[in-house]
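Single-letter residue listing:
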Amino acid sequence: MKSASNKPIIGISMCLLGTNVRHDGGNCANSFANKSLSEFFEWHPVCPEVGSGMSTPRPAMRLVQTESGIRLRESQSGKDRTEQLTTYCASLVQKLSTLPLQGFILKSKSPSCGLKRVMVYGEKGNKVAARNGLFTEALQQALPFLPIEEDGRLNDVTLREHFVERVYAYGRWTAFRANKPQPKHLVQFQQRHKMQLYAHDPRLAQKLGRLAGNHGESSFEDVLKNYEATFFECLSNPTKHGRHANVLHHLMGFLKNTLDSGDKQELLEQIEAYRLRHTPLAVPLMLLNHHLRRHPHPWVGSQTYLEPYPGALRHGQILVG
Ligand code: SF4
């Protein structure tokens, strides 16, 4: 299910959209999210701290490692805010679980919204570890496969593309699950994603092929759960130039009897130029898509690899992969 605008719904830390909810009364507006991505995504903003009843402005807080576990405390006074925030986060993620979210963009380093790199302090103020913020922890427990990214990492085009790719894959998977699939539908789902999965992790892609086609003694529901976990594990691994080149060569093989020698040579040269990082992936991919329009091939044409997200994201220079 998508939004009324038919755009994927993405959760986002409210301060990233420019709303003044930060502890200092300001915001952390992320221009990329506000200007570029908002054309493609519908935002679902949340501020766990303000939602839990905290005021703006409010005292700065931090995570502290204590004998009774991780606590959220005001940095100056030491006042404990753990129960207030975690109680609210539990109800918030329960509500979020009922929405057709396809991803989440979080404010880095916040003791509530940060992802992995939130500093944890000892009782004496020394840094002892880094971990998720308390809201992020609750979100990942409730929705373990939801694509999540931090604001700062969206400035890197490779990380940005990886996030967007996973957002759309998550949307296809949740739509597939909602349609009460039968075993033959899982085989079809796997076939469509086969080359996209190979570009991420050939070993896991092979495992997914076996899971989709051979259910053995397991119930189909167990197969779907196993497939889901492996599917998102596979897509979470970053692609590599060599793997993309292998996939492009493989897809080109289906057209070997229809392309003339000049077209073949040109495509091979562009794949090699991409492998050597002389040109972006979009170049051999556009050439391959161009040949497929002239010489349609049902199996190749069905591959999500050829358009893992709407082409407008790439053509609009938001993703240049
Ligand atoms: S980081 Fe999270 S909790 Fe902090 S102001 Fe932003 S949305 Fe609110």
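Residues numbered from 1 in each chain as written. Predicted model: local features only at pLDDT ≥ 70, side-chain atom pairs only at ≥ 80, totals over all residues. Heavy atoms only, no water.

*Asks:* Would you mind going over the sheet that holds strand S2 (residues 42-46) with me for this structure?
*Replies:* The pairing of strands in a sheet happens through backbone hydrogen bonds and is either parallel or antiparallel. Pairing in this open sheet of four strands is parallel, and the strands run S2-S1-S5-S8 from one edge to the other. Because the sheet does not close on itself, it has two edges, and the strands there are S2 and strand S8 (148-150). Strand-to-strand twist across the sheet, computed as the mean angle between neighbouring axes with direction ignored, equals 25°. Bridging between strand S1 (residues 9-13) and strand S5 (residues 101-106) involves four bridges; their strand directions are parallel. Paired with Ile10 across the bridge in S5 is Gly103. Across the sheet, helix H5 (residues 157-178) lies against S1, S5 and S8, angled at about 150° from S5, the strand it touches most. (Pairing = 2+ DSSP bridges. Helix = DSSP H or I, 4+ residues; strand = E, 2+ residues; numbered from the N terminus. Axes fitted to C-alpha atoms, helices over the stretch in contact; angles between N-to-C directions. Contact = heavy atoms within 4.5 Å.)

*Asks:* What's the story with the site of the ligand in this structure? I'm lost.
*Replies:* Around the ligand lies a shell of 14 residues, among which Met14, Cys15, Cys47, Glu49 and Cys113 are the nearest. Spatially, the ligand is embedded in the second largest pocket. Taken together, the residues of the shell around the ligand sort by class into seven nonpolar, three polar and four charged. (Near = heavy atom within 4 Å. 1 Å grid on protein atoms, 1.4 Å probe; cavity = no way out; pocket = protein on both sides within 12 Å on 5 of 7 lines; lining within 4 Å. Sits in = over half its atoms within 2 Å of the grid points. Nonpolar A, V, L, I, M, F, W, Y, C, P; charged D, E, K, R; others polar.)

*Asks:* I keep staring at unusual backbone geometry and nothing clicks. Help me out?
*Replies:* In most cases, non-glycine residues show a negative phi, while peptide bonds are predominantly trans. In this model, Thr56 is joined to Pro57 through a cis peptide bond whose omega is -5°. Secondary-structure assignment places Pro57 in the loop between helix H2 (48-51) and strand S3 (61-66). Despite not being glycine, Lys180 shows a phi value in the positive range, around 50°. Within the secondary structure layout, Lys180 lies in the loop between H5 and helix H6 (183-200). Its identity as a non-glycine residue notwithstanding, Arg277 has a phi of 65°, on the positive side. Looking at the element boundaries, Arg277 is found in the loop between helix H10 (261-275) and helix H11 (282-294).

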